[in-house]
Amino acid sequence: MTGRTVIVGAGVAGLTLAERLLAAGNDDETVLVEREESPGGLARTFSTGGFHFDIGPHRFHTADPVVDTYLKHILGTRYITIPRKSSVFMAGRYRNWPLSLASLVGLPAGVLMGSLADMLKKKSRSEVDSFADFIRSRYGDNLYRFFFRGYTRKFAGMDPELMHPDWAEAGVNRAVIDKRVKADTLFSLFIGMLAPKPVHTSFYYPSEGGIQSFCDIQSSMVQRAGGALMTGIPAEGIVQDGGTVRGVTMGGGGVLEADRVFWSAPVSTIFPEAGFSFIHTLVANIGLKSENPANDYQWCYFGQEDLCFSRTTVPRHFRHDTVPKGADSICAEITVTDEDLKNGIEGIQTALIPQLESVGALRQSQVEFVDWKLVRETYPIYDRNYRERLSSIELPKNLTLLGRCGSFWYNNMDHSISQALAFSKGERFERDFWSR
Ligand SMILES: Cc1cc2nc3c(=O)[nH]c(=O)nc-3n(C[C@H](O)[C@H](O)[C@H](O)COP(=O)(O)OP(=O)(O)OC[C@H]3O[C@@H](n4cnc5c(N)ncnc54)[C@H](O)[C@@H]3O)c2cc1C
């Protein structure tokens, strides 16, 4: 490649692509344009007074040896390996995931009996048209109504009947985390509980700072190799001429000329007519004066609709020195729609701490500070016909959509890396990424 490559967005995808293009040394100029003041995108870390908060739980996990090699190329020896411990809060109790027989104690008898009946019921062969259908066909109506319906309505701000089954690929299948844990039907869940297989899943996490350390190393490599990183400036659109992109329009005026553009900012910025929407996450980064031993998980899901948060994360269980000695912290995630933001978030901010106290996640007297951050475009929302709209986009030949928001792909960091590695070699990366 010769000429100027402009990459919009310095998240994991944009940084990986820039780092690889520069390492290959075959383009004249590589420029990264980033809206925020620092790189990292969704893999950013907010650090204050010895506390490091990632945006919810962030850790590296991949089954792809190419991505694994790349992670180690960037991190070198600067990572630790940690075992997973995640949890779900149901019927007033914290329960381990994967579920064990012990974790069923205290679940309403009606739900247990109903689920047993669902498991024994002959499967109907009806079409799976929505996320709700998908869950009912796998786990039965009882579990759908008991957990998935409320959780999804709260999390996505949308009725699961109106959502595409693809939402389950990331939202449910990946929550299983390890393919050896079979949980793809009610029956396999049940077998898994009766005869749990010992599965020791582990993740990589940087040995210093938070997850953003990975992106900081990438940024230094990009700049050392002669790449330009422009931060604190949004790209507002593209300039086209006869089906070819000539440049990127920049916030504050001006056009950055380009011979090719990779776009990892939200696809809705350049194709608003396609009607794609994203939800945002309000994160409450809470510093605690003392340790709360009750929070013995890394992250925990909360399905109850009367709790405003959907997940909490305990950074100390990723690495002990993400908090000052003796202190503790929690990150609570609250997903919000554009409509919620318009209506104001004061109600959420008032409700959060008492609600966290009600589930035993903290005591109000322990709270040292609450640092609120609004992280925009955290999840693409899959309505039932999003696929048709995605494939109807006609891309100029020198424009490539990249990453989670650019490709409208509810993915993980390893997927963004895998896609960027493919693009850096001029390889295609199938639009139908769900098989990955
Ligand atoms: C709460 C949460 C927890 C997660 N946990 C994990 C996990 O444990 N493991 C894992 O592998 N993945 C996890 N993920 C997913 C992971 O964060 C993403 O897959 C990955 O970071 C996406 O990288 P990206 O570069 O594709 O996109 P992004 O990180 O979204 O990068 C896009 C970049 O574009 C910038 N941008 C946006 N608009 C503009 C504009 N107009 N102009 C210029 N720049 C712009 C953004 O600021 C951002 O830096 C999690 C995600 C969330 C939200």
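Computed from a prediction, not measured in an experiment: that's the story for all the values here.

**Looking at the site of the ligand**
Part 1: Inspection of the region around the ligand gives 34 residues, with Glu34, Pro57, His58, Arg59 and Ser416 positioned closest.
Part 2: Measuring from an oxygen atom of the ligand, one finds a backbone N or O atom of glycine 41 at 3.4 Å.
Part 3: Elements with a contribution of two residues or more to the shell around the ligand: helix 1 (12-24), strand 18 (367-380), helix 12 (403-406) and helix 13 (413-424).
Part 4: Of the residues contributing to the shell around the ligand, the split by class is 16 nonpolar, 10 polar and eight charged.
Part 5: Among the domains, domain 1 (4-49 + 58-82 + 209-273 + 384-435) and domain 3 (278-380) are the pair contributing at least three residues each to the shell around the ligand.

**What to know about the packing of helix 1 against helix 2 (residues 65-75)**
Part 1: Axis separation between helix 1 and helix 2 bottoms out at 13 Å; the angle between their running directions is 80°. By the angle between their directions, the pair helix 1 and helix 2 is classed as roughly perpendicular. Here helix 1 contributes Thr16, Glu19 and Arg20 to the contact with helix 2, which in turn contributes Tyr70, His73 and Ile74.
Part 2: Classifying every residue of the contact of helix 1 with helix 2 by side-chain character gives two nonpolar, two polar and two charged.

**Quick notes on the sheet that holds strand 9 (residues 228-230)**
Part 1: Overall, parallel pairing links the five strands, which are arranged 9-2-1-13-19 in an open sheet. Two strands close off the open sheet at either side, each with one partner strand: strand 9 and strand 19 (399-401). Taking each pair of neighbouring strands and ignoring which way they run, the sheet shows an average axis angle of 15°.
Part 2: For strand 1 (residues 4-8) and strand 2 (residues 29-33), the ladder comprises five bridges, and the chain directions are parallel. Residue pairing for strand 2: isoleucine 7 is matched across the bridge by leucine 32.

**Remarks on the pattern of salt bridges**
Part 1: Considering all chains together, one arrives at 21 salt bridges under this definition.
Part 2: In this structure, arginine 145 and aspartate 141 form a salt bridge, with 2.9 Å as the shortest nitrogen-oxygen distance. Here the residue arginine 145 and the residue aspartate 141 both occupy positions in helix 4 (residues 131-156), the gap between them amounting to four residues, near one helical turn.
Part 3: In this structure, the salt-bridge partner of aspartate 371 is lysine 373, at a minimum N-O distance of 3.6 Å.
Part 4: The partly exposed category is assigned to lysine 373, whose relative accessible area is 27%.
Part 5: When salt bridges with common partners are traced through the structure, they connect Arg35, Glu36, Arg44 and Glu377 into a single cluster.

**Side note on the packing of aromatic side chains**
Part 1: Counting across every chain of the model gives 30 aromatic pairs.
Part 2: Ring centres of phenylalanine 53 and phenylalanine 369 lie 6.2 Å apart, and the angle between their planes is 85°; on these two criteria the pair is classed as edge-to-face. Taken together, the residues phenylalanine 53 in strand 4 (residues 51-54) and phenylalanine 369 in strand 18 connect sequence positions 316 residues apart.
Part 3: Note on phenylalanine 53: relative accessible area 1%, which makes it buried.
Part 4: Classification of phenylalanine 369 as partly exposed rests on a relative accessible area of 22%.
Part 5: Lying over the aromatic face of tyrosine 144, arginine 136 brings its terminal NZ or CZ to 5.0 Å of the ring centre.

**A short note on the sheet that holds strand 10 (residues 235-241)**
Part 1: Pairing is antiparallel in the open sheet, where three strands are placed in the order 10-11-12. In this open sheet, the two strands that pair with only one neighbour each are strand 10 and strand 12 (255-257). When the angles between neighbouring strand axes are averaged without regard to direction, this sheet yields 35°.

**Quick word on the side chain of glutamine 218**
Part 1: Structurally, glutamine 218 can be placed in helix 7 (residues 212-224).
Part 2: Not counting residues within four places of it along the chain, the set of residues in contact with glutamine 218 comprises Val12, Leu15, Thr16, Tyr70 and Ile74.

Rules and cut-offs
Residues numbered from 1 in each chain as written. Predicted model: local features only at pLDDT ≥ 70, side-chain atom pairs only at ≥ 80, totals over all residues. Heavy atoms only, no water. Near = heavy atom within 4 Å. Polar contact = N/O pair within 3.5 Å; in protein donor to acceptor, adjacent residues only side chain to side chain. Helix = DSSP H or I, 4+ residues; strand = E, 2+ residues; numbered from the N terminus. Nonpolar A, V, L, I, M, F, W, Y, C, P; charged D, E, K, R; others polar. Domains from an automatic or database assignment. Axes fitted to C-alpha atoms, helices over the stretch in contact; angles between N-to-C directions. Parallel < 35°, antiparallel > 145°, perpendicular 65-115°, else oblique. Contact = heavy atoms within 4.5 Å. Pairing = 2+ DSSP bridges. Salt bridge = Lys/Arg side-chain N within 4 Å of Asp/Glu carboxyl O. Buried < 20%, exposed > 50% of the residue type's maximum accessible area, 1.4 Å probe, protein only. Phe/Tyr/Trp six-rings, centres within 6.5 Å; stacked < 30°, edge-to-face > 60°. Lys NZ or Arg CZ within 6 Å of the ring centre and 35° of its normal.

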